Amino acid sequence: MKAQVLHSYDPEMKQDVWVKEEEVPNPKLEKASDVIVKIGAAGVCRTDLHVIEGEWRHIQDPDDKLLPCVMGHENAGWIEEVGSDVEGFKKGDSVILHPIISGTNGTCLSCRKGLDTHAENGIFPGLNVKEGGYSELLKTSVRNLIKIPNTLTPKDVAPFSDAGLTAYRVAKKATRHLLPGENCVVIGAGGLGHIAIQCLKAMCAANIIIVEKSETALKHAMPLGGDHGVLNDGNEVERVMELTKGLGAEASMGLSMTKNTGSYYIVGYGEDIKIKSVDMIISERNIIGNLIGTWSELYELMELANKDLVRLSMQEYKLSEANKALHDLNNGLVKGRAVLVP
Ligand code: ZN
């Protein structure tokens, strides 16, 4: 099969070619619970840029044995082949793949609690193993599959399996406590933010304040559910304080905009959070980490998409254009999410 292969890291992010199209062996069923999926769409994620940059190296490749590898952890497609234990799925079914495969076939305590992202010995195709979705076929487990509603196709949903799921999980956590009349600040209305705004809108009636640095992106994001739009131009904290009567928001994606007793949800990574412990005591604010989402949350997100309450803004590239998609993303030229299709 064809795959786009990463051969070396590029810490400077200056190379013209990051991945190369090559013929690689087809995946084979090994466990009876294995499923081989014909990739219909693979999302191109900022995490892929961090992989190329080598930011994940100390975690995912400490022995320096990962490369060459195939990236692509946001995958959807059609079932090609199923193992002997697989029930309820057949060749041709369209499916989205939860990104983390349990190392215990779902029998560890985390998996039994439904905490799929904390599965013991979990593997993450496209990130910490050689195989990923920038290819024609990918092996997964039956536990990872969710059927895509008839109203949608693999390319409508592929980025939901990571980016969308992260946005959904954060929105779900926040909407469990956000009440009408309270405020929620979403910083960034891009690939992940535009999904978070729709999830928040679909699940609660709090005021949504969108903070975004691009005027165009802010204009596009407002109709998705924004009550107030604030340009991220250096005065954004003051503007949010004005909008929240000097108190800050009950839920926010920025600590300086979070009200006393409110919650700051961390989405994405790359910077440090510094705060004095005494300030945490006085403010009683919560800082909450978010790692993708669970299988059942991906199911819930598919239901929102099926009702057209959450719609992905997407830019399509051929698998053969993976390199261009990655460079476009790195250069800020992708609106919404980039998706590779066969
Ligand atoms: Zn991703």
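What you are looking at is a predicted structure, and each value in this text was computed from that prediction instead of being measured. (Residues numbered from 1 in each chain as written. Predicted model: local features only at pLDDT ≥ 70, side-chain atom pairs only at ≥ 80, totals over all residues.)

Q: Sorry, what's going on with helix 1 (residues 46-53) here?
A: The α-helix winds at 3.6 residues per turn, so residues separated by three or four positions along the chain end up facing the same way. Considered for burial, the residues of helix 1 that qualify are Thr-47, Asp-48, Val-51 and Ile-52. Each buried residue of helix 1 lies within a common arc of 150° when the element is viewed along its axis, so the set occupies one face. Against the buried residues of helix 1 lie strand 1 (2-6), strand 3 (34-44) and helix 11 (322-330). Residue Gly-54 follows helix 1 closely and has a positive phi angle near 95°. (Buried ≥ 20, exposed ≤ 12 C-beta atoms within 10 Å, placed from the backbone. Helix = DSSP H or I, 4+ residues; strand = E, 2+ residues; numbered from the N terminus. Arc of directions from axis to C-beta. Contact = placed C-beta atoms within 7 Å.)

Q: I'm lost on the pairing of strand 16 (residues 337-341) in this one. Help?
A: Side-chain positions along a regular strand alternate between the two faces of the sheet. Across the five residues that make up strand 16, a large majority, four, are buried. Two elements, strand 3 and strand 16, share three bridges in a ladder whose sense is antiparallel. Looking at strand 16, one finds that Ala-42 is bridged to Leu-340. In terms of handedness, the path from strand 15 (residues 314-318) via helix 11 over to strand 16 forms a crossover that is right-handed. (Pairing = 2+ DSSP bridges. Right-handed = clockwise from strand over helix to strand, strands pointing away.)

Q: Just checking my understanding: could you explain the sheet that holds strand 10 (residues 207-212) for this structure?
A: Backbone hydrogen bonds are what pair the strands of a sheet, in a parallel or an antiparallel way. Across the sheet, which stays open at both edges, the six strands sit in the order 11-10-9-12-13-14 with parallel pairing between neighbours. At either margin of the open sheet sits one strand with a lone partner, and together these are strand 11 (228-231) and strand 14 (286-288). Put simply, the sheet's adjacent strands are angled 20° from each other on average, direction ignored. Of the strand pairs in this sheet, strand 9 (residues 183-187) and strand 12 (residues 249-252) are connected by two bridges, and their pairing is parallel. The partner of Val-185 across the bridge, within strand 12, is Ser-252. Against the sheet, helix 5 (residues 163-175) engages strand 9, strand 12, strand 13 (258-265) and strand 14, with an angle of about 155° to strand 13. (Axes fitted to C-alpha atoms, helices over the stretch in contact; angles between N-to-C directions.)

Q: Honestly, the packing of helix 5 against helix 6 (residues 193-203) in this entry has me stumped. Any pointers?
A: Between two packed helices, both the angle of their axes relative to each other and the distance between the axes serve to describe the pair. Between helix 5 and helix 6, the shortest axis-to-axis distance is 8 Å and the interhelical angle comes to 35°. In the crossing of helix 5 with helix 6, the sense of the turn from one axis to the other is right-handed. For the pair formed by helix 5 and helix 6, the contact residues are Ala-163, Gly-164, Ala-167, Tyr-168, Val-170, Ala-171, Lys-172, Ala-174 and Thr-175 on the first element and Ile-195, Ala-196, Cys-199, Leu-200 and Met-203 on the second. (Left-handed = near helix turned anticlockwise from the far one by under 90°.)

Q: Teacher, can you tell me more about the domain arrangement of the protein here?
A: By a widespread convention, an interface's size corresponds to the accessible area lost as its parts come together. Examined at the domain level, the protein breaks down into domain 1 (2-161 + 312-341) and domain 2 (165-289). Of the residues lining the interface, six residues belong to domain 1; the matching set on domain 2 comes to four residues. A breakdown of the residues in the side of domain 1 that touches domain 2 according to their chemical character gives two nonpolar, three polar and one charged. (Domains from an automatic or database assignment. Nonpolar A, V, L, I, M, F, W, Y, C, P; charged D, E, K, R; others polar.)

Q: Mind showing me how you'd approach the nonpolar core here?
A: Soluble globular proteins tend to pack their nonpolar side chains together in the buried interior. The biggest cluster of nonpolar side chains holds 87 residues, and the ones touching the most others in it are Cys-184, Val-185, Val-186 and Ala-196. Domain assignment of the residues forming this core places at least three in each of domain 1 (2-161 + 312-341) and domain 2 (165-289). If near-sequence neighbours (up to four positions away) are discounted, Val-185 is found in contact with Ile-209, Val-211, Val-240, Ala-249, Ser-252, Met-253, Gly-254 and Met-257. (Core = buried A, V, L, I, M, F, W, Y, C linked by C-beta atoms within 7 Å.)

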